[in-house]
Structure formats: structure tokens, C-alpha cells
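Now for the letters of each chain:
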Amino acid sequence: MKILVCISKTPDTTAKIAFTDNNTKFDTAGVQWIINPYDEWYALVRAIELKEKDPATVIHLITVGGADAEPVIRKALALGGDEAIRVNADSQDSFYIASQIATVAKEGGYDLIFTGKETIDYNGSAIGGMVAELLDMPFISLAAKLELNGTAATLTREIEGGEEVNEVSLPIVVSAQKGMAEQRIPNMRGIMAARTKPLKVVEPAAVDALTSVTSFGLPPAKAGVKLVPADNVEELVRLLHEEAKAI
Amino acid sequence: MSVLIFVDTAEGQAKKSSLEALSYGAKIAEQTGTAAEAVVLGAASEDLAALGRFGVKKVHHVTADVFNNFDAQLYTKAIAELATASGADVIVLSHNLNGKAIAPRLSARLKAGLVPGAVSLPETGGAFTVRKNVFSGKAFANVTVNTPIKIVSLNPNAYPVTETGGTAEVVAATVQANEARVKVASVNRASGEVPLTEAEVVVSGGRGLKGPEHWGIVEDLAKVLHAATACSRPVADAHWRPHNEHVGQTGFAIAPNLYIAIGISGAIQHLAGVNRSKVIVVINKDPEAPFFKAADYGIVGDAFEVVPKLTEAIRKLKGVS
């Protein structure tokens, strides 16, 4: 069993969001970078659990990014995984990233390719589906459970107002969300081991991006909360009905 | 030249998020002087000609049985085939749970740029540019699609369902379809409840409610508002409520018209999942709760006293007994 886990580096949840260069670039000054939580808590940890059940499993991690992505991928290796691949390119758009991952995955012959359900910076939910299409594989999106029995996979995916159980044969691409696994903290042994795990750097394939971000902006600030006394809920109902027109 | 809209169905009925996509796609067609057409895959239990009221002229209906279950790969192939046949240069779908599986596949298949989770109509004067939320709702990006065919997946609750009147011509369509590689073993949909990601009003409870046995006041308020119920992460982690109610950074991101947070302090991770709500009401006994800074309306008070009174006052307003 060979598993590929896609890892993205994202600004910490509490990072201040600001833009430079006439609002065309994210201001990275002072930003702490983390592994995208969905990639880490759900995709990577589930892959590690599968390896714990079947030690013959090999886990590769992949990220598309510059050398500054290496601390984050080392942190991922500290949680688990056998080796990492960094495609040495600045991310351009989802299709560009997915094409790089698909190019590497084609060579690697993976049975299972994991992504998180989305990154917390671009919020695109696009990489997994694109990789699946490029590799002609089934894609189970927003999966909250995954069980394997040989090459047969049973997954639970979220649908509006409920869930659906899917059965599919490997190889597949899965985007993982809450429920798939629980967050883990890397231990000292893992952190030490990660230092010597192979981190292969490959040059990107020539691919044209399909989209570009023209500019960023911040939503208008809220006007501030209107407080209503606790003994006058009728006033809140009036405001919601007449002013906010929300009920 | 046309706009093609994929209509996602549940039990043969178009989802509300798809009615939004239809309305949005029809508006793009109007804006660009072209026609809007729709695609429905699988059996329908409603009169598809009536989808014309949202502004589409034609509905391509593929009735092959294989489409009665969802398989992103088959759906993608079918939509791509119909898009090519109809010469669509804009493809619109909802960024709902199925849309998130289809839209990226379509983009890769057609080499057509995708704006996932659009929140505005495109600017179509020169470049085709659409706004989407980024950084979990803390900012937005204007994304330009640089390919001849453009794909937009529309965030749920970002564009109103708009009826303009009219009837659509329903055309039986066939596409090449293999067998589904994904077998749907079971579908478990809570009936009668409002799906969280489609709800216009969401009532949400946090640790301040002290235990699952106190959720009655949340449910009563939700019922009178025809709202979905939700919860914060600690509540889901403590198994007071099911995980599919968890909203926030690592749960669902929602954007209802009205979000009522009861006994939730408003950690930044929680806000990331709800900050796109149009109106936020916070009820918390701690006046220092950070959530008040992100709220439009607030009551500092004991939820166990305030919420039942609020339910009663809304019931009076709505005239239901």
C-alpha cells in the first residue's frame, strides 16, 4: 500500500491578514506558518493510522512550494510519513498545483491520495478533484471516514443534511474532513526522526495556470454590536425584524 | 455562446443551492447577452420546465439510471460533454457538497479556469473576474479566469433565488456513460430537518449551555425560526451534539442570513466558520466574550432565561401558537 498525502503550508489561524503591493500580495511579515489543519489533522493522521495497522504501508508527503515550505514539511514528517517530496515552485493557482502533484503521483503509483478538504487560506476545495481528474481516478470528497479491506475502500462522505456511504476500489483520491482522525502532537522521537527522513526536491513540470488573483481586499468592518438589555428581548426581535430584516 | 448551469438534486428535487446557481447563471447570461441553459442528471421528481422561472431557456435532462447515484467522475464527464455540445463558455454550479467534487474535476477536464466559492457576479467587461472569500472569510480575492471557458462554483447563500417567470424547454439528452466506479451503499439523510449548509437561519449552542440535556431551548428557538441547529467545537468534541453540527474552522463553514450564537465565546477558529453570516446575534452572560466584537446584535445575559423568552417573542411575531 502506497499513500500520498498532499501538504500545504498556510498562515496560522490567528495570523493578521493584510496585503501589500497595491493589494496584490499577501503580507507575510511576521506570519507563523503551519501545516494546513485539514491536511494535518485529518489526511495525514488517517494515513498514519493506516500504516500503524499495516506496517508495510509507505507514506509519502508532497508539497508544492519554495524552500521556505521545508520547516512545515519537516513538521509533517515529525508526525509520520516515510519521505517527502517538494516540487520546487511557487504556487500559481489550484490547477498548477494539482498538475504538479498529478505529475509526481503518476510516477509513484499510489493507491491512495489524500488531501485536506480545503486550505484555510485559499478555501478552494479544488486540489483533490483536479488531481483525481488528471489521474482518471475516483474522487471521494469531504470524507469523514475511511476503512480499507485490501483494495476495497468504504468511505462516509458528507451530503446536505446527512451522509452517504461509498464503496470503491483503489486507487482513489480522498479529501478528508472532521471525523476522519483526531489531531496528534508530534513527540520528541518523531521530531528527531524527521530530521533524517528523505526530503526530495523536484523541479516543476511546465504547466500554465488557468486563473490569477488580480487583487485582494478586506471585508468592511462591522458597525459594532448593538446591545439589548436581557429583560427586553422584544426589542431584539423588533430590531431583527424591522432593521436587519433577518426574521 | 451560452451559460450552462448544473442543477444538483436530492431525491429528484433541485437543491436550494442549485436554485441560487440557476438564478446567478441566468443573470450572467443576461449580463453577457447570451442564453442560460441547465443540466439535470438522473431522475427528476419535479416539473423541470418550471425551472424556467429562474431564467433558463432550456433544460438538458439526462435520465440514464446510472445518474441516480452521485459519482463525481461520471457527473463531470456528462456535464463536460453537454457543455461542449451546447458551446457553453460559462459553466455555473453550486459550491455545495457535490459541487466541490465536480467543479475541480470539470476544470481539469476542460482546462477551464475555476473560481471555487464565488460570492459575486463576474465582471465581464474585459477580463472575467469573480470575487471569492479567502483566508476563511477574513478577506476576499478577485480572481480572473484566463481561459476561453470559465467555471464558477457559487457559494451557498451568496446569491438570492430570483424568479423572473417563464418556462423552460426540456430536452431529453444522452451522454456517453460508463458504469459508476463509486457505489453508493447507503444514503442517510435526516428528513424534515433543515440542512445546515443550506439554512437561512442557524441557531448555535456552545459550552455555556453546560450539557446536552439543555439543548431543548436551542431546538425550540430553531423550530420557531425554521432554522438549522449548530454547535461549537468543544460541544461536538464532548459528544454533546453530533459532529455534523460543528461549525467553525475545522467543521462546517456557513453563511446564513441570521446566525444566533448562544453561550459561545467566539474563538477565532469558530468565527472563521461563521463570519460570512449576514447578521450575527450573540447571547452570552460574559460581557467580555470576544464574539460580541463580531456581532451585530447582542444580549449580555443568562441563556437559560433569555432564550425561552426570545423564542416566545418570535413566536408572537410570527403569529404561530
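What counts and what doesn't
Residues numbered from 1 in each chain as written. Chains lettered and ligands numbered in written order. Predicted model: local features only at pLDDT ≥ 70, side-chain atom pairs only at ≥ 80, totals over all residues. Helix = DSSP H or I, 4+ residues; strand = E, 2+ residues; numbered from the N terminus. Rg over C-alpha atoms; globule rule 2.2 N^0.38 Å. Buried ≥ 20, exposed ≤ 12 C-beta atoms within 10 Å, placed from the backbone. Contact = placed C-beta atoms within 7 Å. Pairing = 2+ DSSP bridges. Axes fitted to C-alpha atoms, helices over the stretch in contact; angles between N-to-C directions. Expected span 1.5 Å × (residues − 1). Domains from an automatic or database assignment. Nonpolar A, V, L, I, M, F, W, Y, C, P; charged D, E, K, R; others polar.

J.: Quick one: what's the story with the overall build of chain B, residue by residue and with numbers?
T.: A count of helices and strands for chain B gives eight helices and 17 strands. Computed over C-alpha atoms, the radius of gyration of chain B comes to 21 Å, within 12% of the 20 Å expected from 2.2 N^0.38 for 321 residues, which places it in the range of a compact globule. A principal-axis box enclosing the C-alpha atoms of chain B has dimensions of 60 × 40 × 40 Å. Each of the 321 residues in chain B was classed as buried or not, and the buried ones make up 61%. Relative to all contacts within chain B whose residues are 6 or more apart in sequence, the contacts with residues 24 or more apart total 66%.

J.: Summarise the sheet that holds strand S6 (residues 58–64) of chain A; cite the residues concerned and give the values.
T.: Across the sheet, which stays open at both edges, the ten strands sit in the order S13(A)-S7(A)-S6(A)-S1(A)-S8(A)-S12(A)-S9(A)-S10(A)-S11(A)-S12(B) with mixed pairing between neighbours. The sheet is open, and its two edges are formed by strand S13 (199–202) of chain A together with strand S12 (183–189) of chain B, each paired on a single side. Taking the axes of each pair of neighbouring strands and ignoring which way they run, one obtains an average angle of 30° across the sheet. Pairing of strand S1 (residues 2–6) of chain A with S6(A) involves five bridges; the strand directions are parallel. Within S6(A), the position partnered with Leu4(A) by the bridge is His60(A).

J.: Quick rundown of helix H3 (residues 94–108) of chain A? Include the residues and the values.
T.: All names here are of chain A. Taking 1.5 Å per residue, 15 residues should reach 21 Å; H3 reaches 21 Å between its end C-alpha atoms and fits that length. Within H3, eleven of the 15 residues are buried, which leaves the element mostly enclosed by the surrounding structure. For H3, every residue scored as buried is listed here: Ser-94, Phe-95, Tyr-96, Ile-97, Ala-98, Ser-99, Gln-100, Ile-101, Ala-102, Val-104 and Ala-105. Just past H3, the residue Gly-109 takes up positive phi, approximately 60°.

J.: Could you give an account of the domain arrangement of chain B, with specific residues and numbers?
T.: Residue and element names in this part refer to chain B. Considered domain by domain, chain B is made up of domain 1 (2–172) and domain 2 (196–318). Between the C-alpha centres of domain 1 and domain 2 the distance comes to 31 Å. Looking at the side of domain 1 that touches domain 2, its residues break down into two nonpolar, seven polar and two charged.

J.: Help me get a handle on the pairing of strand S17 (residues 297–300) of chain B, residues and values and all.
T.: Two elements, strand S15 (residues 226–227) of chain A and S17(B), share two bridges in a ladder whose sense is parallel. Bridge assignment links Leu227(A) to a residue of S17(B), and that residue is Gly298(B). Across four bridges, the pairing between strand S16 (residues 279–284) of chain B and S17(B) is parallel. When the sheet's bridge partners are listed, Asn284(B) is paired in S17(B) with Val300(B).

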